[in-house]
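Below are the chains, spelled out letter by letter.
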Amino acid sequence: MGSSSASGLNPQIDPNLVLKSSLSASAVKAPVRVPSPARMGFDGKSQPKIVEGERGYVLEDVPHLTDYLPDLPTHPNPLQDNPAYSVVKQYFVNVDDTVAQKIVVHKSSPRGTHFRRSGPRQKVYFESDEVHACIVTCGGLCPGLNTVIREIVCGLHHMYGVNSVLGIQGGYKGFYARNTINLTPKSVNDIHKRGGTILGTSRGGHDTAKIVDSIEDRGINQVYIIGGDGTQKGASVIYEEIERRGLKVAVAGIPKTIDNDIAVIDKSFGFDSAVEEAQRAINAAHVEAESVENGVGVVKLMGRYSGFIAMYATLASRDVDCCLIPESPFYLEGHGGLFEYMEKRLKEQGHMVLVVAEGAGQDLIAESLRSMSVEDPSGNKLLLDVGLWLSEKIRVDLANFPIVAVSFCKKTEDANPTYMIRAIPSNASDNVYCTLLAHSAIHGAMAGYTGFTTGPVNGRHAYIPFHRITETQNKVVITDRMWARLLSSTNQPSFLNSHIIEESKKEEESPPTQLLDGENCMENGVVDASLPEL
Ligand SMILES: Nc1ncnc2c1ncn2[C@@H]1O[C@H](COP(=O)(O)OP(=O)(O)OP(=O)(O)O)[C@@H](O)[C@H]1O
Ligand SMILES: O=P(O)(O)OC[C@H]1O[C@](O)(CO)[C@@H](O)[C@@H]1O
Ligand SMILES: [Mg+2]
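Going by an unreviewed UniProt entry, the protein chain carries the name ATP-dependent 6-phosphofructokinase and comes from Acorus calamus. As its UniProt record puts it under Function (unreviewed entry), the protein chain is described as follows: "Catalyzes the phosphorylation of D-fructose 6-phosphate to fructose 1,6-bisphosphate by ATP, the first committing step of glycolysis." The Subcellular location (unreviewed entry) field of the UniProt record for the protein chain holds the comment "Cytoplasm".

Section: the site of ligand 2
Taken together, R203, K256, I258, D259, M302, G303, R304, E358, Y419 and R422 make up all the residues around ligand 2. In the environment of ligand 2, an oxygen atom lies 2.8 Å from a nitrogen or oxygen atom belonging to the side chain of R203. Contact distances for ligand 2 include 2.8 Å between an oxygen atom and a side-chain N or O atom of D259. Contact with the protein chains hides 81% of the accessible area of ligand 2, taken as 400 Å² for the molecule alone. For ligand 2, the cavity whose grid points lie within 2 Å of the majority of its atoms is the largest pocket.

Some thoughts on the layout of surface pockets
In this model, the largest pocket occupies a volume close to 820 Å³. As for the largest pocket, its lining consists of 38 residues, of which G140, R203, R304, D376 and N380 are closest to the centre. Tallied by class, residues from the lining of the largest pocket come to ten nonpolar, 15 polar and 13 charged.

What about the pattern of salt bridges?
The tally for this structure, following the rule as stated, stands at 20 salt bridges. Among the ionic pairs, R245 bridges to D213, the shortest N-O distance being 2.8 Å. Within this pair, whereas R245 is found in helix α6 (residues 229-245), its partner D213 is found in helix α5 (residues 208-217), the two being separated by 32 residues in sequence. Accessibility expressed as a relative area gives 8% for R245, which makes it buried. For R244, the salt bridge identified is with E241, shortest N-O distance 2.8 Å.

Cut-offs used in this document
Residues numbered from 1 in each chain as written. Chains lettered and ligands numbered in written order. Predicted model: local features only at pLDDT ≥ 70, side-chain atom pairs only at ≥ 80, totals over all residues. Heavy atoms only, no water. UniProt positions renumbered as here; feature names shortened; annotations may be inferred. Near = heavy atom within 4 Å. Polar contact = N/O pair within 3.5 Å; in protein donor to acceptor, adjacent residues only side chain to side chain. Areas by Shrake-Rupley, 256 points an atom, 1.4 Å probe, with all protein chains shown as cover. 1 Å grid on protein atoms, 1.4 Å probe; cavity = no way out; pocket = protein on both sides within 12 Å on 5 of 7 lines; lining within 4 Å. Sits in = over half its atoms within 2 Å of the grid points. Points joined across faces, edges and corners; volume = space filled by probe spheres on them. Nonpolar A, V, L, I, M, F, W, Y, C, P; charged D, E, K, R; others polar. Salt bridge = Lys/Arg side-chain N within 4 Å of Asp/Glu carboxyl O. Helix = DSSP H or I, 4+ residues; strand = E, 2+ residues; numbered from the N terminus. Buried < 20%, exposed > 50% of the residue type's maximum accessible area, 1.4 Å probe, protein only.

This is the structure we're talking about:
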């Protein structure tokens, strides 16, 4: 059965590659529960695992259990005997396969950054009946959470014969403050048809030591963590503590964010569903606005720091006259301001629809309300209600504008579908995407990878080190072509003077994350990752 072939880097890796971190040389020898400083820096954080190859090739690799437990035995992957999968030619991913972060290159470009390709490996590091997995969902809701839960449970069972999967209830704090539930293919069979998460979720309450104690006490050896940027930061410290304690426990993150603000990956699950649902709210606001003289519909959508939902909902709808997002500062009065544009628009067509991301204009509102900054239990800034504020401003202040009829803004609708768009079940394409994410995470954990997040990079699923997706946030680049498309489709002002545009262009000249760099991914659009291959 078991052959102990694995080292921190895959043993079959291209010999031309040069290992930059010191992991294999200094890895701890003892097999179980040995505190392992091997890849830890002085601050107790894992060091990035960088491998360099020819012509500027760089692999930003993810940790492997054998980095700190070098003598772990391997086992043949049970998928090779699975009638559904064994027919596939080359079902197993080659150990040297990596996914390029940049796909738009020039003749003389270096080969650039790569991530390890996800998918099933020939050898696995867990036997079926040895696996005790758990799943936790943290942060805000997002369409597709239940689908990911379902597919982890069913995938582990059907592909790897795993029967022990625990659901941790109520987010991170559930590890030490709540009972667990057993998840079986039968119990999760229909959950993808429901919104929310059957496990419950929460913000705050991340106590690393207590969480890892609970993992150890319960004998859990695969931890699947579904959540946004905060959750992935939490997953990273859990992984570090597990490595420090020398436990054979794989930690796999599955990125969840309705705002699509997670860097590196093409698109987050639930985003498409949310944009689709937002169309209904925009339609409703349009019908209302159109039905009265000078009617204005204000639709507030989610997007704390990133305006992707608002931007895509606007681009898709064609009924929106102005889209306001956190990345694009705006002002109300004076030349080039919102009110001037609204006057013009209302004179032209007698009604208008504004889409506003909840994080837009926060400075403006704070100025006018002189409010205090408050945080939620996870430390996220609580936002002031831009929808309500803007509707009120329009109702009161814009009515004083000289050219506008007295009846102006008699009716200003503040449609607030903010929470509506995240409580729905995922749509068809998100469902398929969630399945691939779940499978990808399972294959990675079974193959002994740990401390990773999984997601599509240019349409191919990859294992990405935690720090790569937590160090920056994905944002709409307002000097990029996608935002220009939006401006040209709504005809709204850019609210920027040429000086600001030049400054922001300069800022973006430093190497950005993949999604900040328009050239990588459909001109800073969202790559269609609905049917990527593992
Ligand atoms: N830096 C951090 N270190 C450890 N845990 C963290 C960190 N930041 C956030 N967390 C934990 O992660 C969980 C989720 O964080 P948060 O509420 O910010 O949601 P999120 O994962 O970012 O999702 P959303 O997209 O909904 O904001 C919380 O339990 C929080 O305590
Ligand atoms: O009200 P809650 O649950 O804290 O979540 C609101 C936040 O969650 C998000 O949807 C992120 O998941 C943000 O867009 C929004 O600001
Ligand atoms: Mg967050």
